[in-house]
Amino acid sequence: MISVIGAGPAGCHYASLAKDDVTIFEEHEKVGFPVQCTGILTGSIFRVLDDVPKDIIVSKIKTFRIIAPNKKQIDIDLDQPNLVVDRGKFDRFLMQKAIDNGAKILMGHRFLGYEEKGGKFIIKTNKGLFKSDMLVGADGPRSAVARAAGIYGEREFLQGLQARVYYKGEPGVSEVRLGLGEFAWVVPENERIARVGVIGKNVGADYKKLVGDCKIIENQHGIIPLYNPKQKLRKGNVFLIGDAATQVKATTYGGIIYGLLAGKMLAEDPENYEKNFNKKLGKDLWLSLQMREAMNNMSEKECDELIEVFRKHDNRKILEKYDRDFPSRFIVQLLLKEKSLWKLSFSALAKKFFKR
Ligand SMILES: Cc1cc2nc3c(=O)[nH]c(=O)nc-3n(C[C@H](O)[C@H](O)[C@H](O)COP(=O)(O)OP(=O)(O)OC[C@H]3O[C@@H](n4cnc5c(N)ncnc54)[C@H](O)[C@@H]3O)c2cc1C
C-alpha cells in the first residue's frame, strides 16, 4: 500500500496514475478548499493532462501585458492561450481521476509522523495508525512528511497575497506589474471580477497600487516555497512531490504544472524519480531562479529597459511562441540576439554579489 499525504494537485495526480493501491490522507474535510491560488495555467498543462473539462475553465488569457514602473507596456499575444481555472473544481477533478484509478481518500486525516517497523511504515494521524509500504509527501510548502523524514532542507518562503475583487479588467488580458513585490498580477475572470495579487517576502495586501479602489470579494492568501536546487526528493521509500519538494518556478511562482509533472514521473518510475526530475526539469527551475534573482536586483530604470528589449518585434515573437514554464527553450535565443540583456543580467548579478 502507498500512502499519499495531501490531496492537492500533485498528490491526486500521482494517485490517478500510480500502479499500486493508494490511500490519500487529507487534513481538510473538503478537497480544493480553502483556495489559495490564481489558477492560471500555461498551455503546457496539456503536456500533463489530456482533458480539462470546460466547466473548470473560468476564462482564457490570450494576452500577457507586462507593465513597467514608468507605465510603458508590452503586449505578448500568446500563441497558446493560458487557462484560468476554478482551483477548487480543478483539485476535485484530479481527485475524481484518482478515485477512478482505485485510490481511497481519507478526509479529515492529518499526518503527524511515522515510524518504520519491519520494513513497513506506521503512519500516525489524528485519527489513528495506518500501515504502509511507501510514503509520498504531497503536503505542500511546510511538508510534515519532509520534516518527519529529515529531508526538509533549508527552505525560504514568500507570501502570496491574493484577492478576488470587483474590477473592470480587459477580458483575455492578464497584467503583470514590474517593480511591485517580486511578482504582481491582475487576472480577469470576466469583465467585472479579477484575481489580483502580489508575491514577495515583505509585501502588504495593498491592492490599491494594482487596481485602485475596489471591493474585495474574498481574500485567498498563501505561502510559496522558493525552489531549492539542493532539495532532496527521496529518502528510502519516502518521496516528495510538488510544493513539498519546492518544485515551483521562481519567475511567476506557479507550481501546479511542475507538481503534476513530478507526480507523473514518480508514478512512472519511482526508482529513478529523483534523477529523472532533476535531469528533465531541474534546469528550467534553476534558470527560473536565476531570472528571478536578476529581476529582483533590477532598478526601476532597468525594469523599464527590459520592457524596451521585449518590445522589439523579434524578441516579442520569441516570448509569444514559447511557454514561460520552460525558460530553457527561449532564454538562450534571447541572450544570443540581445547584447543589452547580458548587460542587464550582469548588472543585476553584480548588485546581488556586492549585497552579500
Ligand atoms: C496566492 C497564490 C497564487 C498562486 N497562483 C498560482 C497560479 O496561478 N498558477 C500556479 O501554477 N500556481 C499558483 N500558485 C502555487 C500553487 O498554488 C501551488 O504550487 C500548488 O497548489 C502546489 O500543489 P501541491 O499539490 O504540491 O500542494 P498543495 O496544493 O498545497 O496541496 C497540499 C495538500 O496537502 C494537505 N496537507 C498539508 N499538510 C497535511 C498534513 N499534515 N496531513 C494531511 N494533509 C495535509 C493540504 O491541506 C493540501 O490539500 C499560487 C500560490 C499562491 C499562494
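Preceding this section is the structure that the text describes.
Throughout what follows, the structure given in this document is the object of discussion.

## Section: the sheet that holds strand β9 (residues 128-132)
Part 1 of the argument: Read from one edge of the open sheet, three strands run β7-β8-β9, paired in antiparallel fashion. Of all strands in the sheet, those with a lone pairing partner are β7 (111-117) and β9, marking the two edges. For this sheet, the mean inter-axis angle between neighbouring strands, taken without regard to orientation, is 25°.
Part 2 of the argument: In this structure, β7 lies alongside strand β8 (residues 120-125), joined through six bridges in antiparallel fashion. The residue of β8 that forms the bridge with glutamate 116 is phenylalanine 121.

## Structural notes on the site of the ligand
Part 1 of the argument: If you check the shell around the ligand, you find 36 residues, and the closest are Gly6, Gly8, Gly160, Gly242 and Gly255.
Part 2 of the argument: Every element with two or more residues in the shell around the ligand is listed here: α1 (9-17), β2 (22-26), β11 (157-166), β16 (222-225) and α6 (256-268).
Part 3 of the argument: When the residues that make up the shell around the ligand are grouped by side-chain class, the tally is 15 nonpolar, 16 polar and five charged.

## A word on the packing of α1 against α6
Part 1 of the argument: Remark: α1 packs on α6, axes separated minimally by 8 Å, with the N-to-C direction vectors making an angle of 30°. What the angle tells us is that α1 and α6 run roughly parallel. The element α1 and its partner α6 pack so that their crossing is right-handed. On α6, the residues that touch Pro9, Ala10, His13, Tyr14 and Leu17 of α1 are Ile256, Gly259, Leu260, Ala262, Gly263, Lys264, Leu266 and Ala267.
Part 2 of the argument: Residues that form the contact of α1 with α6 fall into these classes: nine nonpolar, three polar and one charged.

How each quantity is defined
Residues numbered from 1 in each chain as written. Predicted model: local features only at pLDDT ≥ 70, side-chain atom pairs only at ≥ 80, totals over all residues. Pairing = 2+ DSSP bridges. Helix = DSSP H or I, 4+ residues; strand = E, 2+ residues; numbered from the N terminus. Axes fitted to C-alpha atoms, helices over the stretch in contact; angles between N-to-C directions. Near = placed C-beta within 6 Å. Nonpolar A, V, L, I, M, F, W, Y, C, P; charged D, E, K, R; others polar. Parallel < 35°, antiparallel > 145°, perpendicular 65-115°, else oblique. Left-handed = near helix turned anticlockwise from the far one by under 90°. Contact = placed C-beta atoms within 7 Å.

Keep in mind these numbers describe shape, not what the thing actually does.
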